[in-house]
Structure formats: structure tokens, C-alpha cells
Amino acid sequence: MIKQPVFIDTASFPNEIRPFLQNARVYDSSCRSNATVYYLDSGFYLKVDAVGALKREAALARTFFESGLGPEMLIYLPEGRDYMLSRSAEGDDLTQHL
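Calculation rules
- Residues numbered from 1 in each chain as written.
- Predicted model: local features only at pLDDT ≥ 70, side-chain atom pairs only at ≥ 80, totals over all residues.
- Heavy atoms only, no water.
- Helix = DSSP H or I, 4+ residues; strand = E, 2+ residues; numbered from the N terminus.
- Rg over C-alpha atoms; globule rule 2.2 N^0.38 Å.
- Buried < 20%, exposed > 50% of the residue type's maximum accessible area, 1.4 Å probe, protein only.
- Contact = heavy atoms within 4.5 Å.
- Areas by Shrake-Rupley, 256 points an atom, 1.4 Å probe, with all protein chains shown as cover.
- Lys, Arg positive; Asp, Glu negative; His and termini not counted.
- Charge placed at Lys NZ, Arg CZ, Asp CG, Glu CD.
- Pairing = 2+ DSSP bridges.
- Core = buried A, V, L, I, M, F, W, Y, C linked by side-chain atoms within 4.5 Å.
- Axes fitted to C-alpha atoms, helices over the stretch in contact; angles between N-to-C directions.
- Expected span 1.5 Å × (residues − 1).

Enquirer: Residues and numbers for the overall build of the protein chain, please.
Expert: Within the protein chain, the secondary structure is distributed over two helices and six strands. Counting helices and strands in the order they occur from the N terminus, the protein chain gives β-α-β-β-β-α-β-β. Against the globule reference of 13 Å for 98 residues, the protein chain gives a C-alpha radius of gyration of 13 Å, in line with a compact fold. For the protein chain, the C-alpha atoms occupy an extent of roughly 35 × 30 × 25 Å along the three principal directions. The buried share among the 98 residues of the protein chain stands at 32%. Within the protein chain, counting contacts between residues at least 6 apart in sequence, those at least 24 apart form 46% of the total. Here the protein chain has roughly 6500 Å² of accessible surface; of this, 51% comes from carbon and sulfur atoms. Distance between charge centres in the protein chain, computed from 10 positive and 13 negative side chains, equals 3 Å.

Quick look at the structure:
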């Protein structure tokens, strides 16, 4: 997964998200054109998309975590845009070996 360092203005994010952005190096890790995915070197992913676009994904991520099948989904916040914050899964993705 490609991670490009980016500068973000933490003030442009909702209050609930800001503590996770402070003191973290932020990388753009987007894979699809609609959503922006940020990797925070503190061990989190923040996905941002249009309002309602992440609602189902957040519900599924929470279910997977509760079933022991995925990383913890901490915040789903539809506030002007959809924000979904989750912990990074342990290990590397397979692109590390290509």
C-alpha cells in the first residue's frame, strides 16, 4: 500500500477526530477515487468520504471486530462528511513482498 506523506489542517476535522491527528505523521493511503484514506503513524486509519458513504462499511467493521475478525473501528462520524477511524491491523500487506 502506497503511503504518501501529507500535511493536513487538523482544525478542518471534527473535534472527536483531532486528538488522533495531533502528534501523528499523516500519510495519504487512498486506493479508490471517492474516499480519502489517511494512515496515521500512531497506528490508525482515517477514512473520509461523502455523508452516508461509509455508514454500511462502519457497521460491518464494527461487527467484524466484535467477532474477532478485524481491527477495532473506533469512530464513525457523519458530520458534513463521513469519518471512520479504525486501528491498523497487525502485520504487513502483501504488496510489501512484490
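Having seen the model, we can carry on.
Enquirer: Pulling in residues and values, what's your account of the pairing of strand β5 (residues 73-78)?
Expert: As paired elements, β5 and strand β6 (residues 82-87) share five bridges and run antiparallel to each other. Bridging across to β6, Y76 finds its partner in M84. Taken together, β5 and the strand that follows it, β6, pair antiparallel across an intervening segment of three residues, in which G80 is found at a positive phi of about 80 degrees.

Enquirer: Can you tell me about the nonpolar core, naming the residues and giving the values?
Expert: By size, the foremost hydrophobic cluster in this structure holds 15 residues, and its most contacted members are F13, I17, L21, Y38, L40, L46 and Y83. Sorting the residues of this core by element identifies β3 (36-40), β4 (44-49), β5 and β6 as the ones contributing at least two each. Looking at this core, the element that brings in the most residues is β4, giving three residues. Apart from the residues within four sequence positions on either side, L46 is in contact with F13, I17, L21, T36, V37, Y38, Y83, M84 and L85. Membership of the second largest hydrophobic core comes to five residues, among which are L54, A61, M73 and M84.

Enquirer: Please provide a residue-by-residue account of the sheet that holds β3, values included.
Expert: Taken in spatial order, the six strands of this open sheet run β1-β2-β3-β4-β6-β5, and their pairing is antiparallel. Each edge of the open sheet carries a strand with a single partner, namely β1 (4-5) and β5. In terms of strand pairing, β1 meets strand β2 (residues 26-28) through two bridges, oriented antiparallel. Note that in β2 the partner of Q4 across the bridge is D28. Strands in contact with helix α2 (residues 55-66) are β4, β5 and β6; relative to β5, the strand with the most contacts, it is inclined by about 160 degrees.

Enquirer: Can you explain α2? Please cite residues and give values.
Expert: Given a rise of 1.5 Å per residue, twelve residues ought to cover 16 Å, and the 17 Å separating the end C-alpha atoms of α2 matches this to within 8%. Once α2 ends, the next one or two residues include G68, with phi positive near 80 degrees.

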